[in-house]
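Structural overview
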Amino acid sequence: MIDIRLLDPLEILVDGHHAVDSLRTVVHERARTWATTMLSGDDQAAYAVIVRAISTLYPGDGPFNPPVEWWRTPLGQVVARRVGHPTAESVSYAVAGAMLGITRQGVHDLASRGKLARHPEGGVRSAAVRDRLVQEGTRRV
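Computed from a prediction, not measured in an experiment: that's the story for all the values here.

**Topic: helix 2 (residues 19-40)**
Spanning 22 residues, helix 2 covers 32 Å between terminal C-alpha atoms, matching the ideal 32 Å at 1.5 Å per step. For helix 2, the complete set of buried residues consists of Val20, Arg24, Val27, Thr37 and Met38.

**Brief notes about the packing of helix 5 (residues 93-100) against helix 6 (residues 104-112)**
Where helix 5 meets helix 6, the closest approach of the two axes is 8 Å, and the angle between their N-to-C directions is 100 degrees. Overall, the two elements helix 5 and helix 6 adopt an arrangement that is roughly perpendicular. Mapping the contact onto sequence places Tyr93, Ala94, Ala96, Gly97 and Leu100 in helix 5 and Arg104, Val107, His108, Leu110 and Ala111 in helix 6.

**Topic: the confidence of the model for the protein chain**
The predicted model of the protein chain averages 91 in pLDDT, with 97% of residues at 70 or higher. Mean pLDDT across the elements of the protein chain ranges from a minimum in helix 7 (residues 126-140), with 84, to a maximum in strand 2 (residues 124-125), with 97.

**A word on unusual backbone geometry**
Although it is not a glycine, Asp15 adopts a positive phi angle of roughly 55 degrees. Within the fold, Asp15 resides in the loop between helix 1 (2-13) and helix 2. Using a relative accessible area of 71% as the deciding quantity, one classes Asp15 as exposed.

**A word on the nonpolar core**
The tendency in soluble globular proteins is for nonpolar side chains to be buried side by side. With 28 residues, the main nonpolar core has Trp71, Val79, Leu116, Val124 and Val129 as its most contacted residues. Among the elements of the structure, helix 3 (43-57), helix 4 (74-82), helix 5, helix 6 and helix 7 are those that each provide at least two residues to this core. In terms of residues, this core owes the most to one element, helix 5, which gives six residues. Discounting residues that sit within four places of it in the chain, Val79 has contacts with Ile50, Ile54, Trp70, Trp71, Gly84 and Pro86.

**Overview of the environment of Tyr93**
Residue placement: Tyr93 occurs in helix 5. Each C-alpha atom of the pair Tyr93 and Arg130 lies 14 Å from the other, and the pair is 37 residues apart in sequence. If we ignore the near neighbours within four places in the chain, the residues touching Tyr93 are Arg104, Val107, His108, Ala111, Arg118, Gly123 and Val124. At 3.1 Å, the side chain of Tyr93 forms a polar contact with the side chain of Arg118.

**Quick notes on the side chain of Arg82**
The residue Arg82 is located in helix 4 in this model. Side-chain polar atoms of Arg82 contact the backbone oxygen of Asp42, separated by 3.5 Å. Each residue touching Arg82, except ones within four places of it in the same chain, is listed here: Thr37, Met38, Leu39, Ser40, Gly41, Asp42, Asp43, Ala46, Ile50 and Arg130.

**Some thoughts on the packing of aromatic side chains**
According to the stated counting rule, one finds four aromatic pairs in the structure shown. Ring plane angle 55 degrees and centroid distance 5.3 Å describe the contact between Tyr58 and Phe64, whose orientation is recorded as tilted. On the accessibility criterion, Phe64 (9% relative accessible area) is buried. Ring geometry for Tyr58 and Trp70: centres 6.0 Å apart, planes at 85 degrees, overall edge-to-face. Here Tyr58 is found in the loop between helix 3 and helix 4, whereas its partner Trp70 is found in the loop between helix 3 and helix 4, with 12 residues between them in sequence.

Conventions and cut-offs
- Residues numbered from 1 in each chain as written.
- Predicted model: local features only at pLDDT ≥ 70, side-chain atom pairs only at ≥ 80, totals over all residues.
- Heavy atoms only, no water.
- Helix = DSSP H or I, 4+ residues; strand = E, 2+ residues; numbered from the N terminus.
- Expected span 1.5 Å × (residues − 1).
- Buried < 20%, exposed > 50% of the residue type's maximum accessible area, 1.4 Å probe, protein only.
- Axes fitted to C-alpha atoms, helices over the stretch in contact; angles between N-to-C directions.
- Parallel < 35°, antiparallel > 145°, perpendicular 65-115°, else oblique.
- Contact = heavy atoms within 4.5 Å.
- pLDDT = per-residue confidence, 0-100.
- Core = buried A, V, L, I, M, F, W, Y, C linked by side-chain atoms within 4.5 Å.
- Polar contact = N/O pair within 3.5 Å; in protein donor to acceptor, adjacent residues only side chain to side chain.
- Phe/Tyr/Trp six-rings, centres within 6.5 Å; stacked < 30°, edge-to-face > 60°.

And the structure:
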């Protein structure tokens, strides 16, 4: 994704200048470190890397609002587990379902049974989704 969003456009802009190859190598090396930090670093370090990656890969003036399918990607799953939704206190049932890997109806059932905290303004709390993912991960270990 970094290649597609950042390095490929830069290569086009500088008309294929060889310096982009050096940057590509550095970014690929750093990406391994970022992934390790996101997956197994302490919470503060993981949060910092995730926020930097998202703000770099998805720049914009508005809040981060990826499509529902994004939450099913490897990056989306790491973000959901480590941060929840980085810019939203609540998420829709559809987004919560994608984050949890279940259906929207499954989210509704969890919320109805008090297993997933609803948000007073609608949807469910992003932190509740993250907490459920963390609990599920702990049970699997």
